[in-house]
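Each chain, letter by letter, is given below.
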Amino acid sequence: MKAKLMPRIDIHDRIELKNALPLDTPYVIHIDPSDTCNFHCKFCPSGNTELMKTIKGRGHGSMDFEVYKQIIDDLAEFRDPIRVIRLYKEGEPLVHPKFADMVRYAKQSPHVLRVDTTTNASLLTPERSLEIIDAGLDRINISIEGINANQYKEFSNHTIDYEKFVENIRFFYDHKKQCQMNIKINGDILNSEQEEEFYQVFGNITDGINVEHTIEYWPKFQDMKVEFDETVSLLGGESGEVQVCPYVFYEMCINSDGTYSLCRFDWNHAMLMNQHVGGRVTPKKIWDSIVLFRFQESFLKKERKLLSVLSCPNCGILKQGVPEDLDEFAGEILDRM
Ligand code: SF4
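All figures in this text were calculated on a predicted structure; none of them were measured in a lab. (Residues numbered from 1 in each chain as written. Predicted model: local features only at pLDDT ≥ 70, side-chain atom pairs only at ≥ 80, totals over all residues. Heavy atoms only, no water.)

Enquirer: Help me understand the environment of L113 in this model?
Expert: Structurally, L113 is set in strand β4 (residues 112–119). If sequence neighbours within four positions are ignored, L113 has contacts with P81, I82, R83, K107 and D138. (Helix = DSSP H or I, 4+ residues; strand = E, 2+ residues; numbered from the N terminus. Contact = heavy atoms within 4.5 Å.)

Laid out in structure tokens, this is it:
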């Protein structure tokens, strides 16, 4: 196998937040190209069509390209360039017909260093691959939901031509130029032979590969139809709950309708911020807003469990998927803020 065993989240070259916070400029901005998905995965609310109809603001579809351009242009207000524009939040990014144009526009901006995405790759035809590579995408994370068509049907309720799907991924790999590729699968649906097969099929057509564990990825989503072991973290280590959510200190999130969420896991748009910021809303205005400061402050004061109108008190991410434990440094960071 040519690929390195490595997670899609780069945990080795990370800047330690405990020393870097607070940030004048967020490291990462998630922009959701589309909030709809062509899959119906058991663990994910976005593919639950009936549920989505009941959520105000969901079912919007693709982001207006002019809205997107304005967001990228407004990044000029920040002191530093944004390290990563992440074209992904809750839908399938390639549903957006102008996904490659979105990549190109961000890559041409002097206010953006890198652009990446996470996709189920089902719409990654050779034509689209060439467009996306040509636009300059820096990294593509591909989520695999099964090692054959039956598993896709069972887990994602999606009919797939599996051989063609694998060939399309191989095509991307063969033509990818500078773009880094990572492929991961949810290991909880595989036995050990299937896991081996996963590595055999994909291990030579990606740069990095990994088997992840199921976690409670979407806070307050009650209808998750998969079982998972809460004692195991996303990357396979032992889980352990933290009080300070690191995500809210280094990234921000923009939904496909142009609204801003306090959290990138805000699938039900219960944590919107636009109404708390006056005038024309820009990423910098949101980043500097008092509402975000108060939110961050409540974590540093260890008051997460009191954020009862939000999804934070019982957030599974803080048990199984944090990149850094900031609890011990909360007082120090608060003083610096
Ligand atoms: S605690 Fe969970 S729900 Fe709250 S901001 Fe952090 S990741 Fe989002």
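There is more to say after this.
Enquirer: Explain the packing of helix α5 (residues 126–135) against helix α7 (residues 162–175) here, please?
Expert: Two elements in contact, α5 and α7, have axes separated by 9 Å at closest approach and are oriented at 30°. Here α5 lies roughly parallel to α7, going by the angle between them. At the point where α5 passes α7, the crossing takes the right-handed sense. Only N168, F171, F172 and H175 of α7 make contact with α5, whose side of the interface consists of P126, S129, L130, I132 and I133. (Axes fitted to C-alpha atoms, helices over the stretch in contact; angles between N-to-C directions. Parallel < 35°, antiparallel > 145°, perpendicular 65-115°, else oblique. Left-handed = near helix turned anticlockwise from the far one by under 90°.)

Enquirer: Before we go on, may I ask you to explain the pairing of strand β6 (residues 180–186) in this structure?
Expert: A regular strand places its side chains so that they alternate between the two faces of the sheet. Taken across its seven residues, β6 has six buried, putting it largely inside the fold. Sheet topology places strand β5 (residues 139–144) next to β6; six bridges connect them, and they run parallel. Across the sheet, residue I140 finds its bridge partner in β6, namely M181. Pairing geometry for β6 and strand β7 (residues 208–212), over five bridges, is parallel. (Buried < 20%, exposed > 50% of the residue type's maximum accessible area, 1.4 Å probe, protein only. Pairing = 2+ DSSP bridges.)

Enquirer: What's the story with empty space enclosed by the protein in this structure? I'm lost.
Expert: Vacant regions in the atomic arrangement are exposed by a probe of water-molecule size rolled over the atoms. On inspection of all chains with the given rule, the structure shows three cavities of 30 Å³ or more. Taken as a whole, the largest cavity encloses approximately 470 Å³ of empty space. Contributing to the lining of the largest cavity are 28 residues, with F43, Y88, S143, E145 and K184 lying nearest its centre. Taken together, the elements giving at least two residues each to the lining of the largest cavity come down to β4 and β6. Taken together, the residues that form the lining of the largest cavity break down as 11 nonpolar, 11 polar and six charged. Its volume calculated, the second largest cavity comes out at about 160 Å³. Taken together, 20 residues make up the lining of the second largest cavity; nearest its centre are C245, C263, F265, M271 and C312. The set of elements that each furnish at least two residues to the lining of the second largest cavity consists of α9 (247–250), β8 (251–254), α11 (290–300) and α12 (317–320). For the lining of the second largest cavity, a count of residues per class yields 15 nonpolar, one polar and four charged. (1 Å grid on protein atoms, 1.4 Å probe; cavity = no way out; pocket = protein on both sides within 12 Å on 5 of 7 lines; lining within 4 Å. Points joined across faces, edges and corners; volume = space filled by probe spheres on them. Nonpolar A, V, L, I, M, F, W, Y, C, P; charged D, E, K, R; others polar.)

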